[in-house]
Amino acid sequence: MDQPESDFSGSEIILSKPRVLSGIQPTHDSFHLGNYLGALKQWVQLQDSHDAFYCVVDLHALTVETDPKNFKHRTLVSAAQLIALGIDPNKSTLFIQSQVPAHNQLAWVLECITGFGEASRMTQFKDKSQKAGSDRTVVGLFTYPILQAADILLYQAEFVPVGEDQRQHIELTRDLGQRFNNTFKTSRPVFKIPQPHIVKSIAKINDLQEPTAKMSKSSASMSGVVEMLEPADSIMKKFKSAVTDAGKEIKFSEKDKAGISNLITIYSALTGKTHDQIEQEFAGKGYGDFKIKVAEVVIETFAPIRTKTNDLLSDPAELSKILKAGSAKANQVANQTLSDAYAALGVVQNG
Ligand code: TYM
């Protein structure tokens with residue numbers, strides 16, 4: 001697997017435990033394979049070597065979600081899935097964004113140093129607002145990346161493990177952090193400037209039906225989106241009908257064989273095998289055989305996560321206890337940074 005582009009070295013990690021922070025939206029009943037490979041797998045790995053803060057960003061999901069019953073359920077399912085896939089609350093601080101009010105408070109401060117044009121250039125906002133039209137685009141979607149910047153800067157995170165689609169938002173976060181530090185100078189800069197932690201080979205997992213487009217929760221059709229909590233037979237069906245090219249060879253070439261290359265990427269990420277090893281393993285075999293094999297590996301990975309998620313959801317008191325402890329710790333760190341930012345701004349504070 002490729003090395004991520006952030007440049008920490010092993011020895012540094014063990015000595016000083018740099019901090020990582022990341023978030024995921026609870027916009028669906030389940031996370032998908034793109035979330036898992038592009039981000040969540042790294043979250044689990046990083047918690048051993050880093051001081052990790054991970055949050056379910058429910059406030060961000062308000063830009064699309066409207067049904068309160070779904071909203072609550074999806075927030076809890078998301079937290080349960082994170083624990084089930086390996087986020088250990090004894091190692092990582094796991095919390096729900098809305099339980100830490102400093103996120104909104106710092107977001108406002110950052111909104112006041114963000115240019116209108118700068119926010120208008122965010123490609124995710126441009127894509128989504130163009131599709132929906134300006135009358136149906138909420139202002140929250142426009143300010144969304146600034147809230148994300150607050151999520152990150154509050155925790156003095158050095159690294160932010162995400163997929164490729166978040167790169168521009170992390171760039172904005174860096175710009176805003178630097179701007180604040182330069183404008184409101186104190187003896188020590190208020191914010192640490194974070195780096196994205198993006199593993200190139202798995203930074204963009206594509207839709208099985210449209211293999212040049214990102215696998216996404218907001219796709220018009222779910223037939224090319226593989227969900228983590230999906231039953232095995234349904235996962236198998238989706239892989240069997242994955243779009244491939246007219247050729248026969250199992251060979252990695254994103255340009256000529258987008259579908260097969262996407263499947264090789266998935267198989268490689270889950271088995272640890274290199275592209276060469278995979279090409280050799282399937283030499284002389286057909287696409288059908290390969291698709292079944294990839295599906296089997298995905299099913300094997302997700303089956304225990306599905307069972308554990310259901311177990312966790314059947315004990316809401318325990319889940320709530322974990323999240324309460326997480327938000328207590330998150331509030332401590334976030335409130336300190338907010339207070340430093342307010343002090344730098346000259347905001348009158350009590351005490
Ligand atoms: P979200 O909820 O859309 O996705 C969560 C994570 O999954 C990654 N991802 C993918 N990676 C590879 N291939 C794909 N097809 C794919 N689809 C999604 C995303 O890059 C992300 O890392 N804005 C963020 C949420 C957020 C956040 C934060 C992230 C809010 N605050 C602070 C980091 C730090 C988002 O919408 O992710």
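In this text, all values refer to a predicted model and were calculated from it rather than measured experimentally.

Analysis parameters
- Residues numbered from 1 in each chain as written.
- Predicted model: local features only at pLDDT ≥ 70, side-chain atom pairs only at ≥ 80, totals over all residues.
- Heavy atoms only, no water.
- Helix = DSSP H or I, 4+ residues; strand = E, 2+ residues; numbered from the N terminus.
- Rg over C-alpha atoms; globule rule 2.2 N^0.38 Å.
- Areas by Shrake-Rupley, 256 points an atom, 1.4 Å probe, with all protein chains shown as cover.
- Lys, Arg positive; Asp, Glu negative; His and termini not counted.
- Charge placed at Lys NZ, Arg CZ, Asp CG, Glu CD.
- Core = buried A, V, L, I, M, F, W, Y, C linked by side-chain atoms within 4.5 Å.
- Buried < 20%, exposed > 50% of the residue type's maximum accessible area, 1.4 Å probe, protein only.
- Domains from an automatic or database assignment.
- Contact = heavy atoms within 4.5 Å.
- 1 Å grid on protein atoms, 1.4 Å probe; cavity = no way out; pocket = protein on both sides within 12 Å on 5 of 7 lines; lining within 4 Å.
- Points joined across faces, edges and corners; volume = space filled by probe spheres on them.
- Nonpolar A, V, L, I, M, F, W, Y, C, P; charged D, E, K, R; others polar.
- Axes fitted to C-alpha atoms, helices over the stretch in contact; angles between N-to-C directions.
- Parallel < 35°, antiparallel > 145°, perpendicular 65-115°, else oblique.
- Left-handed = near helix turned anticlockwise from the far one by under 90°.
- Near = heavy atom within 4 Å.
- Polar contact = N/O pair within 3.5 Å; in protein donor to acceptor, adjacent residues only side chain to side chain.
- Buried area = accessible area lost by both parts, 1.4 Å probe.
- Salt bridge = Lys/Arg side-chain N within 4 Å of Asp/Glu carboxyl O.

Some points on the overall build of the chain
Secondary structure assignment for the chain yields 14 helices and five strands. Whereas a compact globule of 351 residues would reach a radius of gyration of roughly 20 Å, the chain reaches 21 Å, a difference of no more than 12%. In terms of overall dimensions, the chain has a C-alpha envelope of 70 × 45 × 45 Å along the principal axes. Summed over its atoms, the accessible surface of the chain is roughly 16,700 Å², and 51% of this surface lies on carbon and sulfur atoms. Averaged over its 38 positive side-chain charges, the chain has a centre that lies 1 Å from the centre of its 40 negative ones.

Some thoughts on the nonpolar core
Leu82, Phe239, Ile266, Phe290 and Val298 are the most contacted members of the largest nonpolar core, which totals 58 residues. The leading source of residues in this core is helix 13 (residues 287-313), at 10 residues. Each of domain 1 (6-204 + 316-345) and domain 2 (222-309) gives at least three residues to this core. Ignoring anything within four residues of it in the chain, the contact list for Phe239 reads Leu33, Leu208, Val226, Leu263, Ile266, Lys291, Val294, Ala295 and Val298. Val160, Val162, Leu176 and Phe191 belong to the second-largest nonpolar core, a separate cluster that totals 43 residues.

Here we look at empty space enclosed by the protein
Enumeration according to the criterion identifies one cavity of 30 Å³ or more in this entry. There is about 70 Å³ of room inside the largest cavity. Lining the largest cavity are Met122, Gln124, Phe125, Lys128, Leu141, Tyr144, Pro145 and His169. Those elements giving two or more residues to the lining of the largest cavity turn out to be helix 7 (123-132) and helix 8 (139-153). Taken together, the residues that form the lining of the largest cavity break down as five nonpolar, two polar and one charged.

Quick notes on unusual backbone geometry
The backbone phi angle of Gln156 is positive, close to 55°, even though this residue is not glycine. Residue placement: Gln156 occurs in the loop between helix 8 and strand 4 (159-161).

Examining the packing of helix 11 (residues 258-271) against helix 13
Following both chains from N to C, one finds helix 11 and helix 13 inclined at 40°, their axes separated by 10 Å at the closest point. Our classification of the angle between helix 11 and helix 13 gives oblique. Considering how the two elements wind past one another, helix 11 and helix 13 form a crossing that is left-handed. Residue-level inspection shows Ile260, Leu263, Ile264, Ile266, Tyr267, Leu270 and Thr271 of helix 11 in contact with helix 13, the latter providing Tyr287, Phe290, Lys291, Lys293, Val294, Val297, Val298 and Thr301. The class makeup of the residues in the contact of helix 11 with helix 13 is 11 nonpolar, two polar and two charged.

Side note on the site of the ligand
For the ligand, the set of nearby residues contains 28 residues, the closest of which are Tyr144, Gln148, Asp151, Asp165 and Ile205. In the model, a nitrogen atom of the ligand is placed 2.9 Å from a nitrogen or oxygen of the Met215 main chain. Coverage of the ligand by the protein amounts to 97% of the 710 Å² it exposes when considered alone. Secondary structure elements with two or more residues in the shell around the ligand: strand 1 (19-24), helix 2 (33-49) and helix 8. Within the shell around the ligand, the residues separate by chemical class into 12 nonpolar, 11 polar and five charged.

Here we look at the domain arrangement of the chain
Splitting the chain by domain gives domain 1 (6-204 + 316-345) and domain 2 (222-309). Look at where the C-alpha atoms of domain 1 and domain 2 centre, and you get two points 30 Å apart. Contacts between domain 1 and domain 2 engage 17 residues on the former and 17 residues on the latter. For the pair domain 1 and domain 2, the summed buried area comes to about 1,400 Å², and 75% of that belongs to carbon and sulfur atoms. Three residues, Leu33, Tyr36 and Ala84, lead the burial of domain 1 against domain 2; their summed loss comes to 36% of the area buried on that side. At the surface where domain 1 touches domain 2, the tally comes to zero salt bridges. At the surface where domain 1 touches domain 2, the tally comes to six residue pairs in polar contact (both at pLDDT 80 or more). Those elements that provide at least two residues to the side of domain 1 that touches domain 2 are helix 2 and helix 4 (68-84).

As for the environment of Ile24
Mapped onto the secondary structure, Ile24 falls in strand 1. Under the relative-accessibility criterion, Ile24 is labelled buried at 8%. Residues in contact with Ile24, not counting those within four places in the same chain, are Phe31, Asn35, Leu40, Trp43, Cys55, Val56, Val57, Leu82 and Lys217.

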